[in-house]
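Each chain, letter by letter, is given below.
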Amino acid sequence: MAITLSGDQAVPGPPLSSRLTPAQVWGIVLLAPYLLVFLAFVVYPVCYGLWLARAPSNYVALYNDPIFARAAVNTLIFLVIGINIKMLIALFLSGFFAQQRPWIKWLSVIFILPWAVPSIPTILSVRFMLNPEWGMINHFIFSFTGDDGPNWLNDPTVALTMAIAVHIWKSLPFWTLILITGRLAISHDLFEAAEVDGASWWQKFRYITWPSMQTLYVTCTLLSMIWTLGDFNSVYLLTGGGPADLTHVLSTLGIRYLRLDQLSLAMASIVCAMPFVLPLVYFMMKRLSR
Amino acid sequence: MKLPGVREFSWREVGIEARLLLIGIPVFLWTMIPIYHMFLFAISPKEDAFSGKLWPDHPTLHNFEIVFKQQHYFLRDFYVQFWNSVVIAASVGVLTLFIATAAAFSISRLKVPGGRIVLNLALFTYFIPAAFLAVPMYRTMGNYGLLNNHWSLILAMVTIASPYAIWVLKQASDKLPVELDEAAVMDGATTLQIFRLVYLPLMMPSLVAIGTYAVLLAWNEYLYAFLLLSNDREITLPVALGNFLAADDSPWELLMTTGFIYALPPAAVYYAFRRYMVGGLTAGAVKS
């Protein structure tokens, strides 16, 4: 079968079948659905968005918007403090859950729940617990101290801390699970040998556990950074960006601009995160496709 | 006769157990309190819910009755919205499985030219933070004329679920011995027959894991659902829950009851397929 571009320029090309084996033709056919999805819903939107954000005036406007600066700082706090606390707890708990005890097995089954259940009802539940008048937490504070508790979500610093706590609550199980897998992969003989030599738990951690888990831990931390940048729910559902738009992070800020019909600002705010995200993505891709 | 060591040994055990409990109890409380709080609201009459008690004086299933009988302004479309969630999650599961299995088979078994590049592009998508992609995706869906149509959410979720699905399935495919395909070719099997009769049956555990992953992802999604759908009869349950908050006097006990009902299916699905999920998914997330 000749490939014809149009009637009069018909150049008889080599038959398709001589260049591609039937298996390769099937390969292309089977790959096509994903390629179509990728072109229509990743390539086109990203290019279109970049085109919308192209005007330098957008970046000037962002620079002059105090909410943007605040959101950038909040995002950094989320990433640097939030993720490190989360990963350290996950590392610690992975050791706890690796203990062989029936009740710890049961606890690990329950421990997964925050990850398995949807964000919206649980985060709204926390939001109500933090309500200064009706919430459970301030009821407790009152019954113990006789004083009114703080107005948790009204102070931007406290509210952001609570959003980080919610983020940790939600994603801690997943990372703990990954780190448990890493821990269980360490040969048990090493620990037994160390035990015989009378090593303390800290020495065992320092010289056996940590060296074998270090790479995994770093990879997890970086991957968690990328995903935390995309975590919209923890902040939006808890504080809605408030009070006074002071607890926004980049992901909620983009959506805020979008809702205000300022799509080019929304895109520009995301473009601003790219110099930070792309090296992370590049590193992760290198790690995974080794 | 005194047995030296026994007493000391058991004391040591008790000490270890106590220290483990010292970690275990806070972990249990930390995990359960928000979930218990949701449940507590669901079984509390309105007055009790706001009193800060740990257990209501008069626990009741009345809230569930209100939800199931749609006896509140916010719940007019409860069944429609629940059904929307079901249809969308199921469609995302089926479409993701179809697209990702075809792509993984093509890249891993047929060694299609350029397969490696497609895999890397897919991985790249996997690493774009979802909230960042939402902004251009929203506008694009408008350009395609799909806003407020279930297809917009289905296609968006398939876009997000596929890269990871392809990645996990490709890794699982690579572990199947090449000899299987070769033997089938010797017997005169066509590519499609290999796919259907050899490949799919062997991939079943991974397919279950990926299908569950895609269904749960779509069921639990809030951001994309709330951006892409707005009509009361088109939205999914999470968006409806978010809309509860719009009122000044939100019926929190009903919000929590509906949320509790909405959280049950994913928890059940998760526990039913836990074996597949943990093995299949964590292995793909971070290759160490």
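Residues numbered from 1 in each chain as written. Chains lettered and ligands numbered in written order. Predicted model: local features only at pLDDT ≥ 70, side-chain atom pairs only at ≥ 80, totals over all residues. Heavy atoms only, no water.

## Things to note about the packing of aromatic side chains
Residue and element names in this part refer to chain B. Within the structure shown, the criterion is met by 43 aromatic pairs over all chains. The interplanar angle of 80 degrees and the centroid separation of 6.3 Å between the aromatic rings of phenylalanine 64 and phenylalanine 260 together place this pair among those described as edge-to-face. You can see phenylalanine 64 sitting in helix H3 (residues 62–68) and its partner phenylalanine 260 sitting in helix H12 (residues 252–272), a full 196 residues away along the chain. The same class applies to phenylalanine 64 and to phenylalanine 260, which are both buried. For the ring pair phenylalanine 68 and phenylalanine 78, a centre distance of 6.2 Å and an interplane angle of 75 degrees mean the geometry is edge-to-face. (Phe/Tyr/Trp six-rings, centres within 6.5 Å; stacked < 30°, edge-to-face > 60°. Helix = DSSP H or I, 4+ residues; strand = E, 2+ residues; numbered from the N terminus. Buried < 20%, exposed > 50% of the residue type's maximum accessible area, 1.4 Å probe, protein only.)

## A short note on the packing of helix H4 (residues 78–109) of chain B against helix H9 (residues 191–220) of chain B
Residue and element names in this part refer to chain B. Running from N to C, H4 and H9 point in directions that differ by 140 degrees, and their axes come no closer than 8 Å. Comparing their axes, H9 and H4 come out oblique. For the crossing formed where H4 meets H9, the hand is right-handed. (Axes fitted to C-alpha atoms, helices over the stretch in contact; angles between N-to-C directions. Parallel < 35°, antiparallel > 145°, perpendicular 65-115°, else oblique. Left-handed = near helix turned anticlockwise from the far one by under 90°.)

## Digging into the confidence of the model for chain A
All names here are of chain A. Here chain A shows a mean pLDDT of 88. Residues at 70 or above account for 93%. Model confidence for chain A, summarised as mean pLDDT per element, is weakest for helix H1 (residues 16–19) at 59 and strongest for helix H4 (residues 66–97) at 95. Note that pLDDT drops below 50 for residues 1–9; the model gives that stretch 9 contacts with residues more than four away or on any other chain. (pLDDT = per-residue confidence, 0-100. Contact = heavy atoms within 4.5 Å.)

## Quick look at the side chain of A:Ser94
All names here are of chain A. Assignment of secondary structure puts serine 94 in helix H4. With relative accessibility at 0%, the residue serine 94 sits in the buried group. Not counting chain neighbours up to four residues away, the residues in contact with serine 94 comprise Thr176, Leu179, Ile180 and Arg183.

## Describing the environment of A:Leu278
Its place among the elements puts A:Leu278 in helix H14 (residues 263–288). Sequence-wise, A:Leu278 and A:Arg101 are 177 residues apart; in three dimensions their C-alpha atoms are separated by 43 Å.

## As for the packing of helix H5 (residues 115–127) of chain B against helix H7 (residues 150–175) of chain B
How two helices sit against one another is set out by the angle between their axes and by the gap between those axes. Residues and elements named next belong to chain B. Interaxial distance between H5 and H7 falls to 8 Å at its minimum, and their mutual angle equals 130 degrees. Looking at the two axes, H5 sits oblique to H7. Pair H5 / H7 crosses with left-handed handedness. Across the interface between the two elements, Arg116, Leu119, Ala122, Leu123, Thr125 and Tyr126 of H5 pack against Thr159, Pro163, Tyr164, Ile166, Trp167 and Lys170 of H7.

## Points about helix H11 (residues 237–244) of chain B
Side chains that are three or four residues apart share a direction in an α-helix, a result of its 3.6 residues per turn. The element H11(B) is extensively covered by neighbouring structure, given that 7 of its 8 residues are classed as buried. For H11(B), every residue scored as buried is listed here: B:Leu237, B:Pro238, B:Val239, B:Ala240, B:Leu241, B:Gly242 and B:Phe244. Contacts made by the buried residues of H11(B) are with helix H7 (119–129) of chain A together with H4, H9, helix H10 (223–228) and H12 of chain B.

## Concerning the interface of chain B and chain A
On the chain A side, the residues contacting the 93 residues of chain B number 94 residues. Here chain B packs against chain A, burying approximately 8500 Å² in sum over the two surfaces, 80% of which is carbon and sulfur. As a salt-bridge pair, A:Arg101 and B:Glu17 come within 2.7 Å of each other at their nearest N and O atoms. There are 11 residue pairs in polar contact (both at pLDDT 80 or more) connecting chain B and chain A. Here the residues of the side of chain B that touches chain A sort into 69 nonpolar, 18 polar and 6 charged. (Buried area = accessible area lost by both parts, 1.4 Å probe. Salt bridge = Lys/Arg side-chain N within 4 Å of Asp/Glu carboxyl O. Polar contact = N/O pair within 3.5 Å; in protein donor to acceptor, adjacent residues only side chain to side chain. Nonpolar A, V, L, I, M, F, W, Y, C, P; charged D, E, K, R; others polar.)

## With respect to a nonpolar patch on the surface
Residues and elements named next belong to chain A. On the surface, a cluster of nonpolar side chains totalling about 410 Å² of accessible area is made up of Leu76, Val80, Ile81, Ile85 and Ile89. Counting through the fold element by element, isoleucine 89 comes out in helix H4. Residue classification places isoleucine 89 among the partly exposed positions, given a relative accessible area of 32%. (Patch = residues over 30% accessible without salt bridge, like charges linked within 9 Å, V, L, I, M, F, W, Y side chains within 5 Å. Areas by Shrake-Rupley, 256 points an atom, 1.4 Å probe, with all protein chains shown as cover.)

## Quick word on the nonpolar core
One finds A:Phe97, A:Leu179, A:Leu238, B:Phe127, B:Leu223 and B:Tyr224 to be the most contacted residues of the largest nonpolar core, which totals 178 residues. Of all the elements, H7(B) adds the most residues to this core, at 15 residues. Dropping the residues within four chain positions of it, B:Tyr224 is found in contact with B:Ala130, B:Leu133, B:Ala134, B:Met137, B:Leu153, B:Ala156, B:Met157 and B:Ile160. Residues A:Ala116, A:Leu177, B:Tyr270 and B:Met277 belong to the second largest nonpolar core, which totals 6 residues. (Core = buried A, V, L, I, M, F, W, Y, C linked by side-chain atoms within 4.5 Å.)

## What to know about the pattern of salt bridges
Residues and elements named next belong to chain B. Going through the model one piece at a time under the given rule, you end up with 9 salt bridges over all chains. Lysine 46 is the partner of glutamate 253 in a salt bridge, and the nearest nitrogen-oxygen pair spans 3.7 Å. Highlighted residues: glutamate 253 in helix H12 and lysine 46 in helix H2 (residues 46–49), separated in sequence by 207 residues. The exposure class of lysine 46 is partly exposed, given its relative accessible area of 37%.

## Things to note about the confidence of the model for chain B
Residues and elements named next belong to chain B. Chain-level pLDDT for chain B is 88 on average; 92% of the residues reach the 70-or-more range. The spread of mean pLDDT over the elements of chain B runs between helix H13 (residues 274–285), the lowest at 68, and H4, the highest at 95. The ipTM value of the predicted complex is 0.88, and its pTM value is 0.89.

## A closer look at the side chain of A:His167
Residues and elements named next belong to chain A. By the element assignment, histidine 167 lies in helix H9 (residues 156–184). A distance of 2.9 Å separates a polar atom in the side chain of histidine 167 from a polar atom in the side chain of lysine 86. The contacts of histidine 167, once residues within four sequence positions are left out, are Phe78, Lys86, Thr228, Asp231 and Ser234.

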